[in-house]
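Descriptive structure summary
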Amino acid sequence: MPEQHHLIVGPVITEKSSAAFQARKEYAFRVQAQATKPQIRAAIEALFEVTVTDVRTLVVRAKRKSYGRYVGRRPAWKKAIVTLKEGDAIQVFEG
Amino acid sequence: MTAIQVRKTAEEPGAASLAVTVPVEQVQEAEARATSAYQRRARLPGFRKGKAPAALVRKQFAEDIRQQALEDLIRESWKAALAQEALQPVADPHVHNLKWDVGAGGPVTFEFHVEVKPEIGLERIGKFHLKRTVPKVTEEQVLAQLTALREQKAPWVPVAGEKPALKDLVQVTIATREADDVKDPQPYQLVLGEGRAIPEVEERIMGMLPGETVDATVRFPPDFPEEAKRGQARAIRLSLQEVKRQHLPELDDAFAREVGDFESLDALRKAVREDLEKEAEREADARLRRDLIEQIVQANRVAAPRPLVERAVYVYAQAYGVPEDRLAEFAQEFRPVAEAQVRRDLVLDWMVEHHGLRATAAELDARLQEIAARGGKPAAELRASLEKAKRLRDLERGLTEEKVFTFLLSQSTVESA
């Protein structure tokens, strides 16, 4: 199993995630595919010194990509949507 | 909203300094404007164009946004300064001592340094005594002009069996000799006495007959431009192919017809004289104007403000393409001319302003018509071409100056001599 901080790959900063952040204070992260919800909770809490109230995860399906006559796939990846205790914040998303 | 504060800190004739304080609210507003401008254009991964949140854009383009906000503020401040202080700037201002603590969110302060048109008051513009001297055109001047024309028209006639003299055109081949080898012969065509060849070679040529070939050793003179060759000796082979002498045409009616559309020599002579006289008149007028300005300047103690003089020097330096390292020397040399120029412009501008002497559109039109008629072109076409070359303003300026001088000269007595 990878180390804690390796579980979290990075923040997901897109139009969709920004909208969710602005509306409901949800933080989206790209995480290792093997990471479980308790591990993610622990990792976020340790890395950012916050209290996590909820973790939801989903696997973003691999997309088919064709390059000329070669057809391939992009890897599937796991996204975690984390909600924090009121008053806590993570800097990356604040801008 | 608190306004931008502008305070005049220093003033000398020709320049002013303004201290500007932009209040926090204005700074923030400018930043917000710049951010939203960037936000609309920004294309960031994960976002459609223009959909990225302001916070993210601000982070990504911090430096650019700051720059744009600052430019905005400076523009606005300048506008405010112009509205507040009655300044007549001659150029865009320079910004100095800029202070902006980005993190602290305080006000922005800076200074404008600007070159302004100094206030001058001309109390005495008339009742000067001036002399307009048109030098007489002498017969010698006409003759010199005619001789120059003859030289221009003179054909080169080959001379045979004679040694070339000064001012003759010779065709020679010069080759270098090394032991018994004669290497790369080069043909030259030169007029003797013009210094195109080194003196020793010219001397040798003058001792030869056409068709002759001699071997000689010549030495480069000590003042030869190429330093490495000075004083060196070269063995050369010289051959003189041809000698031509300029044959001045006779000064007669035939020559007059050849020169141009002249009936006879007398007509040509008359035309030359008229040209010279016109030239003399023009020069006399120019001198008269210079004297007049000089007198006005002295009577009213018009000073040439340093910033304007420096500016004029700089403009001239640019026009002449003076290299950076020679700038100081050039400035030194050019200063009196620039000062005179500045004083003249100040006087003229003052006259235009206080006596309403600016050339009107109708006058400009009339002048355009006149020039167009002379050139046989439609006036509209001429106007368009001048406008394109940005010469229309020069023309207008010229007209205005003419009006000013006509007015000024009517105020003084001019004695013709």
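Our structure is the block above this text.
Reading the values: rules and limits
Residues numbered from 1 in each chain as written. Chains lettered and ligands numbered in written order. Predicted model: local features only at pLDDT ≥ 70, side-chain atom pairs only at ≥ 80, totals over all residues. Heavy atoms only, no water. Pairing = 2+ DSSP bridges. Helix = DSSP H or I, 4+ residues; strand = E, 2+ residues; numbered from the N terminus. Axes fitted to C-alpha atoms, helices over the stretch in contact; angles between N-to-C directions. Parallel < 35°, antiparallel > 145°, perpendicular 65-115°, else oblique. Left-handed = near helix turned anticlockwise from the far one by under 90°. Contact = heavy atoms within 4.5 Å. Nonpolar A, V, L, I, M, F, W, Y, C, P; charged D, E, K, R; others polar. Salt bridge = Lys/Arg side-chain N within 4 Å of Asp/Glu carboxyl O. Polar contact = N/O pair within 3.5 Å; in protein donor to acceptor, adjacent residues only side chain to side chain.

1. A look at the pairing of strand S4 (residues 108-115) of chain B
Residues and elements named next belong to chain B.
- Of the strand pairs in this sheet, strand S2 (residues 15-22) and S4 are connected by eight bridges, and their pairing is antiparallel. Note that in S4 the partner of Ala16 across the bridge is Val114.
- Of the pairings in the sheet, the one linking strand S3 (residues 94-99) to S4 comprises four bridges and is antiparallel in character. Considered in S4, the bridge of His94 is made with His113.

2. Here we look at the packing of helix H1 (residues 24-41) of chain B against helix H3 (residues 62-84) of chain B
All names here are of chain B.
- At a closest axis distance of 8 Å, the pairing of H1 and H3 adopts a crossing angle of 125 degrees. If you check the angle between H1 and H3, you find them oblique. The handedness of the crossing between H1 and H3 is right-handed. In contact with Gln26, Val27, Ala30, Glu31, Arg33, Ala34, Thr35, Ala37 and Tyr38 of H1, H3 contributes Asp64, Ile65, Gln68, Ala69, Asp72, Leu73 and Glu76.
- Class assignment for the residues of the contact of H1 with H3 results in eight nonpolar, three polar and five charged.

3. Thoughts on the pattern of salt bridges
Residue and element names in this part refer to chain B.
- Evaluation of the coordinates by the stated rule reveals 33 salt bridges over all chains.
- Notably, a salt bridge pairs Arg177 with Asp215, separated by 3.9 Å at the nearest N-O pair. Of this pair, Arg177 sits in strand S7 (residues 169-178) while Asp215 is found in strand S9 (residues 213-219), placing the two residues 38 residues apart along the sequence.
- Close ionic contact of Glu279 with Arg282 constitutes a salt bridge, the shortest N to O distance being 3.0 Å. With Glu279 and Arg282 both in helix H7 (residues 265-300) and three residues apart, the pair spans about one turn of that helix.

4. Overview of the interface of chain B and chain A
- With nine residues of chain B at the contact, the number on the chain A side is eight residues.
- In this structure, the connection of chain B to chain A is made through one salt bridge.
- Counting across the chain B and chain A interface gives two residue pairs in polar contact (both at pLDDT 80 or more).
- Partitioning the side of chain B that touches chain A into residue classes produces five nonpolar, one polar and three charged.

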